[in-house]
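Survey of secondary and tertiary structure
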Amino acid sequence: MTMRCDVQATEDTEGTERRLITASSVGAVSSLATSMRRLSYHLVASTIAALFVVPLLWATLASLRMPGLPPPQGLSWLADPLTLGNYRRIFDLLPLGSYLLNSIIVACVSVLLTLIIASWAGFAMARLPGPVRGRLVILAVLLRLVPLPILWLARFILFSRLQINDTLWALIAPAWMGTSPFYVLLFYWAFRRVPGDLFDAARLEGASVLQSWALVAMPMVRPTAASVVVLSFMHYWSDFINPLIYLKSERNYTLAVGLRTLQQLDLTNWPLLMAGAVVMMLPMLLLFLLAQRAFWVAGGVGSRQ
Amino acid sequence: MNRRYHFSLFLLLVPYLLGTLVLVVVPLLLTLPLALTEYNGLGRPSWVGLAHLQGLLSDPLFLTASGNTLYYTALLVPLRVLAALALALLLNRRRGLGLYRAAVYVPTVVPGVAYALIWLWLLNPLYGPLNGLLALFGLPAPAWLADPATALPALVLAGLFQLGESFVVLLAGLSAIPNDYYQVAALDGAGRWQRFRYVTLPLISPWLLLVAMRELIASVQNSFTPALLMTGGGPYYATLFLPQLIYNTAFDQLRFGQAAAMTLVHMVSIIIALLVIYRLAGGWGYDDEV
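Overview of the structure. For every chain, the first residue of its written sequence is number 1, and the numbers climb from 1 along that sequence. Following the order in which they are written, the chains are lettered starting with A and the ligands numbered starting with 1. The predicted nature of this model means local features are confined to residues of pLDDT at least 70 and side-chain atom pairs, given and counted, to a pLDDT of 80 or more, with totals for whole chains, interfaces and linings taken over all residues. Here the side-chain values reflect all heavy atoms present in the structure, with hydrogen atoms and water set aside.

1. Regarding the overall build of chain A
Each helix is a run of H or I in the DSSP string that is no shorter than four residues. Each strand is a run of E no shorter than two, and both are numbered from the N terminus. Tallying secondary structure elements over chain A gives 15 helices and zero strands in all. Out of the 305 residues in chain A, the part that is buried amounts to 51%. Throughout, a residue-residue contact means that at least one pair of heavy atoms, one from each residue, lies within 4.5 Å. Partitioning the intrachain contacts of chain A with sequence separation of at least 6 by distance along the chain shows that 73% fall at a separation of at least 24. Every accessible area reported is derived by Shrake-Rupley at a probe size of 1.4 Å, with residue values counting cover from the shown protein chains alone. Accessible surface, chain A: about 14,600 Å² in total, of which carbon and sulfur atoms supply 67%. Here the term buried applies to any residue with accessible area under 20% of the maximum for its type, exposed to any over 50%, and partly exposed to those in between, with areas from a 1.4 Å probe on protein chains only.

Structural data, given as structure tokens:
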């Protein structure tokens, strides 16, 4: 919606500009040059934008092809009889319902934990005195630089000692550290922008730390909280490596690892595989379209690091 | 009162610090002693000293995987940073570009497994649309993932489009440059290239440094899913990367000590690479020429 408004607004201002230019003594030649330049700019930009979207569109269209038909040679966009049969078929082939349920459980529990733990940490960091705060920020920045593959092995051994291997808890575990130190930093920066007097006032009114977190701090940083919810939901929904490493029994599988079995079942049935990919991808695309702001907020703040 | 307040603030930090301790600090510390033992995940670890670390030097699989990882990152990281910068420059500032920006970000939100499956099909030599497109222009059709010479570049091509995070960071970095600078530069008669070279580049370089470091770490760890699903490390180990070798050694062959030794080498080489990037970036930061 906002995007459309933006476009509208620009067209308006551009229209005004053009009228002004036309009215001016520069005349029609320069106006023509400007619109030619603008046209070629949009041509280039839309071609590049299409490069990023068309492959996904292709895959979606391929998932609507009847299985069993000979695969198309060359480029063909639309299959002749379009069918949703592949989607029904993957639900028959795989216990997709149970995968979906596990994915949703893991994502929801982890998002909730992440929201609480990351915002607590960010709030405490923002309110603690300078030297401590500085050290905690450096810690978080350094933690962001730790590549995950170097933790797989030792975490596996640790998790088997804690007896959470092959349970959904192994997938939720990263939420106990706020999932990513980046989310802690996002909250920290957001809380730093809130005037400290507000918290001091709450303190004088006798509010406990927990109360001023819940009643004063959190309502002030809603966009950041929304960002963290959206980004961490995507993180857990897409997570493939953790379930691959820590899960054994199929009843615990999430969608990401479950879809891998689809590939192992029938590698050449492309419409079926693409249907699986779409089932996994579509919720994320919808989330992105609905909550696009979350990504720009995170990027804008993240660039301060 | 103040002390009590600070103490209760500290309590809010406890879950995060405890989680970090258990999930990051302890595993990091555990890796070193583990690398010096023979351990299959069940019985008791037995001490072997530096044998695993020495063995890696003559382990052909480890050397191949290290070389591939280096090649992959040396190809993907600069390409992704430059592409993200080019896109950010193209789509910066003007209003009404929201749709283009969103389109550029879209591949980044696609989950790794779905993305790998989609590219597996796009790159299929016989039925894939990419070769269909090439045939349309009369270009030769490579075997992509089936050919050891093109498999790794094909993975790089697929990975290139997931540059949304760097794109957004650089976009934010560009929009933080005050417009006045450009106006002053234009008054001084600076052309398009000069404005880029002497205004944009020096001011964006801290962001470029951040993005390059993040891309390095991300590209190594994100090589795992596409390689496992699209090539399985093949053909002939042409796309075997360190994360997958560590995974195979630990969880398929249950040679935890050996895998820990690889992890250790991997960790040290990433630290070195980060320092190299940092040094390189130091050469064209704020201080120079501007």
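2. Quick word on the interface of chain B and chain A
Counting from both sides, the interface comprises 83 residues of chain B and, opposite them, 93 residues of chain A. Here the quantity called buried area is the accessible surface, traced with a 1.4 Å probe, that two parts lose on coming together, added over both. Taken over both partners, the interface formed by chain B and chain A buries close to 8,500 Å², and the fraction arising from carbon and sulfur atoms is 79%. We define a salt bridge as a contact between a side-chain nitrogen of Lys or Arg and a carboxyl oxygen of Asp or Glu at a distance within 4 Å. Inspection of the region where chain B meets chain A yields zero salt bridges. Contacts described as polar in this section are N or O atom pairs within 3.5 Å, which, within protein, must combine one atom able to donate a hydrogen with one able to accept it, while residues neighboring in sequence count only if both atoms come from side chains. Run the count over chain B and chain A and you get eight residue pairs in polar contact (both at pLDDT 80 or more). A total of 21 residues in the side of chain B that touches chain A trace back to one element, the largest contributor, which is helix H1 (residues 2–35) of chain B. Of the residues in the side of chain B that touches chain A, the class split is 65 nonpolar, 14 polar and four charged. All amino acids are sorted into three groups, where Ala, Val, Leu, Ile, Met, Phe, Trp, Tyr, Cys and Pro are nonpolar, Asp, Glu, Lys and Arg are charged, and the leftover types, Gly among them, are polar.

3. Focus on helix H11 (residues 222–238) of chain A
Expected span of a helix, by definition, is 1.5 Å for each gap between consecutive residues, and there is one gap fewer than residues. Taking 1.5 Å as the rise per residue, H11 of chain A with 17 residues should run 24 Å; its terminal C-alpha atoms sit 24 Å apart, in good agreement. Those residues of H11 of chain A that fall on the buried side of the exposure criterion are Thr 224, Ala 225, Ser 227, Val 228, Val 230, Leu 231, Ser 232, Met 234, Tyr 236, Trp 237 and Ser 238 of chain A.

4. Notes on the environment of Val 228 of chain A
Residue and element names in this part refer to chain A. With respect to the helices and strands, the residue Val 228 is situated in helix H11. When the C-alpha positions of Val 228 and Leu 148 are compared, they lie 20 Å apart, and in sequence the two are 80 residues distant. For Val 228, the residues in contact, after removing those within four places along its chain, are Thr 114, Tyr 183, Leu 186, Phe 187 and Phe 233.

5. What about the pattern of salt bridges?
Per the stated rule, a full pass over the model turns up three salt bridges over all chains. The closest approach of N and O atoms between Asp 200 of chain A and Arg 127 of chain A, which form a salt bridge, is 3.0 Å. With a gap of 73 residues between them, Asp 200 of chain A in helix H9 (residues 196–204) and Arg 127 of chain A in helix H4 (residues 96–127) connect regions that are remote in the sequence. Two residues, Glu 215 of chain B and Arg 80 of chain B, come together in a salt bridge whose shortest N-O distance is 2.8 Å. Here Glu 215 of chain B is found in helix H10 (residues 192–221), whereas its partner Arg 80 of chain B is found in helix H3 (residues 60–90), with 135 residues between them in sequence. Across this residue pair, the class does not change: Glu 215 of chain B and Arg 80 of chain B are buried. Salt bridges here are not isolated pairs; linked through shared partners, they connect Arg 127, Asp 200 and Arg 203 of chain A.

6. A few points about the packing of aromatic side chains
Ring geometry is summarised as follows: Phe, Tyr and Trp rings, the Trp one being its six-membered ring, pair when their centres sit within 6.5 Å, and such pairs are stacked at plane angles under 30 degrees, edge-to-face over 60 and tilted between the two. Following the criterion strictly, the structure yields 25 aromatic pairs over all chains and no others. Ring centres of Tyr 72 of chain B and Phe 241 of chain B lie 4.6 Å apart, and the angle between their planes is 40°; this geometry places the pair in the tilted category. Taken together, the residues Tyr 72 of chain B in helix H3 and Phe 241 of chain B in the loop between helix H11 (224–231) and helix H12 (242–252) connect sequence positions 169 residues apart. Each member of the pair, Tyr 72 of chain B together with Phe 241 of chain B, is buried. Here the aromatic residues Trp 152, Phe 156, Phe 159 and Tyr 246 of chain A together with Tyr 39, Phe 224, Tyr 247, Phe 251 and Phe 256 of chain B are joined through ring pairs into a cluster of three or more. Criterion for a charge above a ring: Arg CZ or Lys NZ at most 6 Å from the ring centre, at most 35 degrees from the ring normal. Stacked on the ring of Tyr 5 of chain B, the Lys or Arg Arg 203 of chain A has its end atom at 4.0 Å from the ring centre.

7. A look at a nonpolar patch on the surface
The grouping of Leu 162 of chain A together with Phe 7, Phe 10, Leu 11, Val 14, Leu 18, Leu 21, Val 22, Val 25, Val 26 and Leu 29 of chain B at the surface amounts to a nonpolar patch, some 940 Å² of accessible area in total. Checked against the element boundaries, Leu 162 of chain A lands in the loop between helix H6 (149–161) and helix H7 (168–172). Assessed through its relative accessible area of 51%, Leu 162 of chain A is described here as exposed. Every patch collects residues that have over 30% relative accessible area and no salt bridge, joining them within 9 Å if they carry like charges and within 5 Å if they are nonpolar side chains (Val, Leu, Ile, Met, Phe, Trp, Tyr).

8. A closer look at the nonpolar core
Joining through side-chain atoms within 4.5 Å is the link that ties buried Ala, Val, Leu, Ile, Met, Phe, Trp, Tyr and Cys residues into a set, and such a set is a nonpolar core. Counting 199 residues, the largest nonpolar core has Phe 123, Phe 187, Phe 240, Met 274 and Phe 295 of chain A together with Phe 167 and Leu 170 of chain B as the members making the most contacts within it. Filtering out sequence-adjacent residues up to four positions away, Phe 123 of chain A remains in contact with Phe 191, Phe 199, Val 209, Ser 212, Trp 213 and Ala 217 of chain A together with Leu 9 and Leu 12 of chain B.

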